[in-house]
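# Breakdown of the fold
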Amino acid sequence: MATNKIALVTGGSRGLGRNMALSLAKKGIDVILTYHNNKEEADQVVSMIQSLGQHAAAFQLNAADTKSFNGFIHQVTAHLNAQTGQSTIDFLINNAGTALYAPFMDTTEEQFDEVYNIHYKGVFFLTQKVLPFINDGGRIINISSGLARFAFPGSSAYGSMKGAIEVLTRYLAKELGSRGIAANVVAPGAIETDFGGGHVRDNKETNAHIASVTALGRAGVPDDIGGVVAFLCTEEARWINGQRIEVSGGMNI
Ligand SMILES: NC(=O)c1ccc[n+]([C@@H]2O[C@H](COP(=O)([O-])OP(=O)(O)OC[C@H]3O[C@@H](n4cnc5c(N)ncnc54)[C@H](OP(=O)(O)O)[C@@H]3O)[C@@H](O)[C@H]2O)c1
């Protein structure tokens, strides 16, 4: 019997990562997801995936703490070995992240380092360390943002890190092609999640502004995103490589 493909989704306890994890499971893919603080919500996602008939497990990860990555990978591979007799996965989705809204002139070095650690350094080195456990023919999907294409005041540090992820993704696609591994970016527009205190969802003015600059006339919801990530993990998407796919309903076009 063929074994299922396995995806590792960082930040799968809430928001977009949760939606990605569930969308992957609906496509018959098993999921390892991570959480930072919210174990309870991560466990709920695991139960939902299991009720869809797929294997799932959740592990704690601080994406900003590169020193913890070896221990994290050891836990995940030990779990996979016990479950499948192999310690490999097929898809890595680098999604975990937090928001920073600060004007350029007010951004402190501490804030900069925090965004850098979570959104760039963490993604760089987690991918490097997970790569030996990604099967040839696998996929890497990095989550960027519309803010890497258009400038919105208050997002200079965050938007720059997302820009860096987009460049990194092209390098990954180039260097990993020999192993048949494709790497792509999904760049959501503004989506109604807990991100940044939930302001896209909960602040009426922000929500209305986003709707007004979006061709399809509303802010995004998690269901707009997860299916696109899951699609990139299918056989139909096998020739998509080194691409940035913006999923924003046509924001600021
Ligand atoms: N929402 C948007 O408008 C939007 C737009 C473009 C791009 N994005 C990007 O999409 C990704 C997900 O955002 P979201 O809207 O789903 O955010 P969210 O609802 O706030 O969820 C964030 C997720 O990341 C995890 N996380 C937070 N800090 C972490 C850390 N230091 N280490 C590991 N995991 C951590 C959280 O775990 P806990 O539950 O344990 O806290 C949670 O699972 C981020 O990369 C974000 O930059 C979001």
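Along each chain, residues carry numbers from 1 onward, in the same order as the chain's sequence is written. Only residues with pLDDT of 70 or above have their local features reported here, since the model is predicted, and side-chain atom pairs are shown and tallied only from 80 upward, although totals for entire chains, interfaces and linings are computed over all residues. With hydrogens and water excluded, all non-hydrogen atoms of the structure serve as input to the side-chain values.

### So, the nonpolar core
Within this scheme, the nonpolar core is defined by two criteria: the residues are buried Ala, Val, Leu, Ile, Met, Phe, Trp, Tyr or Cys, and they are joined through side-chain atoms within 4.5 Å. Burial classes: relative accessible area under 20% of the type maximum marks a residue as buried, over 50% as exposed, and values in between as partly exposed (1.4 Å probe, protein chains only). Core analysis: the largest hydrophobic core is formed by 40 residues, its most contacted members being Ile32, Phe72, Ile89, Val130, Ile134 and Ile140. Residue assignment for this core shows that the elements contributing at least two residues are β1 (6-9), β3 (56-60), α3 (69-84), β4 (89-94), α4 (109-130), β5 (134-143) and α5 (156-176). When residues of this core are assigned to their parent elements, the largest contribution, eight residues, is made by α5. Among the nonpolar cores identified, the runner-up in size contains 30 residues, and Ala7, Leu33, Phe91 and Ala230 belong to it. By the criteria applied, helices consist of DSSP H or I runs no shorter than four residues and strands consist of E runs no shorter than two, each listed in order from the N terminus.

### Some words on the pattern of salt bridges
The term salt bridge refers to a pairing of a side-chain nitrogen on Lys or Arg with a carboxyl oxygen on Asp or Glu at a separation within 4 Å. Counted by the stated rule, this structure contains 10 salt bridges. Its salt-bridge partner being Arg238, residue Glu235 comes within 2.7 Å of it at the nearest N-O pair. The same class applies to Glu235 as to Arg238, namely exposed. Each of Arg14, Asp194, Arg201 and Asp202 takes part in one network of salt bridges that share partners.

### Considering the pairing of β4
In terms of burial, β4 is largely enclosed, as six of its six residues are buried. Only strands that DSSP links by at least two bridges are regarded as paired with each other. Here β1 runs beside β4; their pairing, made up of three bridges, is parallel. Directly across from Ala7, in β4, lies its bridge partner Phe91. In the sheet, β4 pairs with β5 via five bridges, with the strands oriented parallel. By the bridge assignment for β5, Ile89 is matched with Ile134. Between the parallel elements β4 and β5, the chain passes through α4 in a crossover that is right-handed. Orient the strands so they point away from the viewer; a crossover is then right-handed if the path from the first strand over the helix to the second runs clockwise.

### Brief notes about the site of the ligand
One heavy atom within 4 Å of a molecule or strand is enough for the residue carrying it to be called near that molecule or strand. Around the ligand sit 31 residues, and of these Ser13, Asn37, Asn95, Tyr158 and Thr193 come closest. Pairing of N or O atoms within 3.5 Å defines a polar contact, subject to two protein rules: one partner must be a possible hydrogen donor and the other a possible acceptor, and residues neighboring in sequence count only if both atoms are side-chain atoms. At 2.6 Å, a backbone N or O of Asn37 approaches an oxygen atom of the ligand. At a separation of 2.8 Å, an oxygen atom of the ligand approaches a polar backbone atom of Ile191. Gly counts as polar in this scheme, as do all residues outside two lists: the nonpolar Ala, Val, Leu, Ile, Met, Phe, Trp, Tyr, Cys and Pro, and the charged Asp, Glu, Lys and Arg. A class-by-class count of the residues in the shell around the ligand yields 12 nonpolar, 16 polar and three charged.

### Considerations on the packing of helix α6 (residues 195-202) against helix α7 (residues 204-212)
Note on geometry: axes are lines fitted to C-alpha atoms, helical ones only across the stretch in contact, with angles between N-to-C directions running from 0 to 180 degrees. Contact geometry for α6 and α7: axes closest at 6 Å, N-to-C directions at 65 degrees. With respect to α7, the element α6 is oriented roughly perpendicular. Mapping the contact onto sequence places His199, Val200, Arg201 and Asp202 in α6 and Lys204, Thr206, Asn207 and Ile210 in α7. Each angle gets one of four labels, with under 35 degrees taken as roughly parallel, over 145 as roughly antiparallel, 65 to 115 as roughly perpendicular, and the rest as oblique. Residues count as neighbours in contact if any of their non-hydrogen atoms are within 4.5 Å of one another.

### Details of the packing of α3 against α4
Their axes nearest at 10 Å, the elements α3 and α4 cross at an angle of 45 degrees. With respect to α4, the axis of α3 lies oblique. The handedness of the crossing between α3 and α4 is right-handed. Seen from α3, the contacting residues are Phe69, Asn70, Phe72 and Ile73; seen from α4, they are Gly122, Phe125, Leu126, Lys129 and Val130. Looking at the contact of α3 with α4, its residues break down into six nonpolar, two polar and one charged. A crossing counts as left-handed when the near helix is turned anticlockwise from the far one by less than a right angle, and as right-handed when that turn is clockwise.

### Remarks on the confidence of the model for the protein
The share of residues in the protein with pLDDT of 70 or more is 99%, and the mean pLDDT across the chain is 97. For every residue, the predictor states its confidence as a pLDDT score lying anywhere from 0 to 100. Between the elements of the protein, mean pLDDT differs from a low of 96, seen in α6, to a high of 99, seen in strand β6 (residues 182-188).

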